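Overview (structure and organization)
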Amino acid sequence: MKKVSATLTDSFGREHNYLRISLTEKCNLRCTYCMPENGVLLSPQSQLMTANEVFHIAALFVQNGVDKIRLTGGEPLLRKDFSEILTSLSTLPVKLSITTNAILVDRYIETFKSCGLKDINVSLDTLNTTKFDAITKRDQFSKAMSNIELLIQEGFMVKLNVVLMKGFNDDEIIDFINYTRDKPINVRFIEFMPFDGNNWDKSKLVTFDEVLTAVNVHYAEVGVESIPNEKNFTARNYKIKNYKGSFGIISTVTNPFCDACNRIRLTANGKLKNCLFSTGETPLLETFRDGKSIEGLIQHALHQKKAVRAGMTELEDFENLENHHNRSMITIGG
Ligand code: SAM
Ligand code: SF4
């Protein structure tokens, strides 16, 4: 592994070798926990990174030690120049991955393969078509499902991201785990997090403990096996004995994993976020366009990074919506 430079090392010694790049603020779905009901104010096209700028800014991060890049959004596959972006990034010595809602993936299978992209995270919050329409406000369930099946058949490493919300899909935890019986996929249950305009409310949260209790009760006789944590893990992973796939729980709210955080985020309009929950952002694009070095800005942003969730150390701080003057998730990129 390439050494991470001082530029990408924060004041707690955490080395940031994982860059998430949001390619667009737009989406073809309207997930209620992500996209505010009245939409978002989109940046003018002229303020968004071009394909060429994405490549050169990413290359600078790679020179400083980034060895993993995830493309996200909005919906990254909506970018008309997505293939161009992926092809250029594939020339860098990095592991590439993408987070997508899968609606358009059938158009990109060959591009993924030729660019060596193997890891694909797909958001899917329900296995029920009526509930899918309700949460995404779009009638695309069968397209999402057939594309997920296609990715599995084509041998991609698929992780399904399921944002759990009480009263909406907490009754599907077992159905999702049963989906891993014959499929080599990893289902990740994500605690619902507060962002601008998503009507977060503690009562909708399904916690890590609640998920694990439901699973342990249901599979008591079959057996739930714990899988050792990966380095810089976000999900605590488990599998049901003899099932092909596995499942994990991402517990940012009740059990954060900031100690080993190695992630930084670049928004589609070229701003660096040192934490998913940081209200501050560091604009890189203007300086980059002026032909000046952006490394000092990156280092400064990293040095501002707090130990835990942008300073919301305690659960009470995190649950206080007054502390969340952040962007909406659609414009951050998860
Ligand atoms: N459109 C792509 C997709 O849906 O996979 C990529 C962008 S989406 C913002 C990235 C991830 O953020 C998705 O897995 C989504 O489930 C997650 N996400 C969005 N809002 C969230 C929230 N309020 N709490 C937890 N996860 C959230
Ligand atoms: Fe779009 Fe993904 Fe947000 Fe859903 S979670 S609205 S698919 S960006």
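Everything here concerns the structure above.
Notes on the structure in this doc start here. Every chain begins its residue count from 1, and numbering advances along the sequence as written. The order in which chains are written sets their letters, starting at A; the order in which ligands are written sets their numbers, starting at 1. At least 70 in pLDDT is required for a residue's local features to be given in this predicted model, at least 80 for side-chain atom pairs to be given and counted, and no such filter applies to totals for whole chains, interfaces and linings, which use all residues. Side-chain measures here rest on the full set of heavy atoms in the structure, leaving out hydrogens and waters.

**Remarks on the sheet that holds strand S9 (residues 246–250)**
Ordered in space as S7-S8-S9-S6-S5-S4-S3-S2-S1-S10-S11-S12, the twelve strands form an open sheet in which the pairing is mixed. With one partner strand each, in any of the chains shown, strand S7 (224–227) and strand S12 (282–283) form the two edges of the open sheet. We call two strands paired when DSSP finds no fewer than two bridges between them. Every helix listed is a DSSP run of H or I at least four residues long, and every strand listed is a run of E at least two residues long, numbered separately from the N terminus. Pairing of strand S4 (residues 119–123) with strand S5 (residues 157–164) involves five bridges; the strand directions are parallel. Bridge pairing in S5 places Val122 opposite Leu160. Against the sheet, helix H1 (residues 51–63) touches strand S1 (18–22), strand S2 (68–72), strand S10 (263–266) and strand S11 (271–273), its axis set at about 170 degrees to S1. Every residue pair with non-hydrogen atoms within 4.5 Å of one another is taken to be in contact. Every axis corresponds to a line fitted to the C-alpha atoms, with the helix fit spanning only the stretch in contact, and the corresponding angles, defined between N-to-C directions, vary from 0 to 180 degrees.

**Details of the nonpolar core**
Side chains that are nonpolar tend, in soluble globular proteins, to be buried together. Ranked by size, the top nonpolar core spans 108 residues in total, and within it Ile21, Phe61, Ile69, Phe112, Leu160 and Phe189 carry the most contacts. Take this core: its biggest share by element is nine residues, from H1. Excluding residues that lie within four positions of it along the chain, Ile21 makes contacts with Met49, Val54, Ala58, Ile69, Arg70, Leu71, Thr72 and Leu266. Take the buried Ala, Val, Leu, Ile, Met, Phe, Trp, Tyr and Cys residues and link them wherever side-chain atoms come within 4.5 Å; each set so joined is a nonpolar core. Classification of residues uses two cut-offs on accessible area relative to the type maximum, computed with a 1.4 Å probe and protein chains only: under 20% is buried, over 50% is exposed, and between them is partly exposed.

**Focus: helix H4 (residues 129–136)**
The α-helix advances 3.6 residues per turn, and as a result positions three or four apart in sequence lie on the same side. Residues of H4 that are buried include every one of Lys131, Phe132, Ile135 and Thr136, and no others. Seen along its axis, H4 keeps its buried residues to an arc of 115 degrees; they face one direction. Close packing links the buried residues of H4 with helix H5 (141–153). Distance and chemistry together define a polar contact, namely a pair of N or O atoms within 3.5 Å, with one atom able to donate a hydrogen and the other to accept it when in protein, and with adjacent residues in sequence counting only for side-chain atoms on both sides. With a side-chain oxygen lying 2.8 Å from the backbone nitrogen of Thr130, the N-terminal cap of H4 falls on Asn128. Throughout, the arc means that of the directions going from the helix axis to the C-beta atoms.

**A short note on the site of ligand 1**
Nearness is defined per residue: one heavy atom within 4 Å of the molecule or strand is enough. Tyr33, Gly74, Ser123, Asn161 and Met193 are the nearest of the 20 residues found near ligand 1. Contacts to ligand 1 include Glu75, whose side-chain N or O atom sits 3.1 Å from a nitrogen atom. The side chain of Asn198 places a nitrogen or oxygen atom 3.2 Å from a nitrogen atom of ligand 1. For the shell around ligand 1, the secondary structure elements donating two or more residues are strand S3 (95–100), S5 and strand S6 (186–191). Here the shell around ligand 1 is composed, by residue class, of eight nonpolar, ten polar and two charged. For this classification, the nonpolar set comprises Ala, Val, Leu, Ile, Met, Phe, Trp, Tyr, Cys and Pro, the charged set comprises Asp, Glu, Lys and Arg, and every other residue, Gly included, is treated as polar.

**Focus: the pattern of salt bridges**
Salt bridge, as applied in this entry: a Lys or Arg side-chain nitrogen positioned within 4 Å of an Asp or Glu carboxyl oxygen. Applying the stated criterion to the full structure yields eleven salt bridges. We note a salt bridge from Glu281 to Lys273, for which the minimum N-O separation is 3.8 Å. You can call Glu281 partly exposed: its relative accessible area is 26%. Classification of Lys273 by relative accessible area gives buried; the value is 0%. Shared partners join several salt bridges into a network, and the residues in it are Lys131, Asp171 and Glu172.

**A look at the environment of Ile330**
Structurally, Ile330 can be placed in the segment after helix H10 (315–319). In this structure the C-alpha to C-alpha distance between Ile330 and Gly74, which are 256 residues apart in sequence, comes to 5.1 Å. Discounting chain neighbours no more than four positions away, the residues touching Ile330 are Thr24, Glu25, Cys27, Cys34, Met35, Pro36, Val40, Gly73 and Gly74.

**Structural notes on the environment of Asp182**
Along the chain, Asp182 falls in the loop between helix H6 (173–178) and S6. Residue Asp182 is classed as exposed on the basis of its relative accessible area of 56%. A sequence separation of 60 residues divides Asp182 from Asn242, and the C-alpha atoms of the two residues are 9.4 Å apart.

**Describing the side chain of Asp119**
Among the secondary structure elements, Asp119 is positioned in strand S4. Look at Asp119 and you get buried, because its relative accessible area is 16%. Within polar-contact distance, the side chain of Asp119 engages the side chain of Lys95 at 2.9 Å. Sequence-distant contacts of Asp119, defined by excluding residues within four places in its chain, comprise Lys95, Leu96, Ser97, Ile98 and Met157.

**A look at the packing of aromatic side chains**
Side-chain rings of Phe, Tyr and Trp, where Trp is taken by its six-membered ring, are said to pair if the distance between their centres is within 6.5 Å; with planes under 30 degrees apart they count as stacked, over 60 as edge-to-face, and otherwise as tilted. Going through the model one piece at a time under the given rule, you end up with ten aromatic pairs. Taken together, a centroid distance of 6.3 Å and an interplanar angle of 90 degrees make the contact between Phe82 and Phe112 edge-to-face. On the criterion of sequence distance, the pair formed by Phe82 in helix H2 (residues 82–89) and Phe112 in helix H3 (residues 109–114) is long-range, its members being 30 residues apart. Judged by relative accessible area, Phe112 falls into the buried class, the value being 0%. Taken together, the ring pairs connect Phe82, Tyr108, Phe112 and Phe156 into an aromatic cluster. Here, over-ring charges are defined by two tests on the NZ atom of lysine or the CZ atom of arginine: distance to the ring centre within 6 Å, and angle to the ring normal within 35 degrees. Stacked on the ring of Tyr18, the Lys or Arg Lys68 has its end atom at 4.4 Å from the ring centre. Above the face of the Phe208 ring, Arg236 is positioned so that its terminal group lies 5.9 Å from the ring centre.

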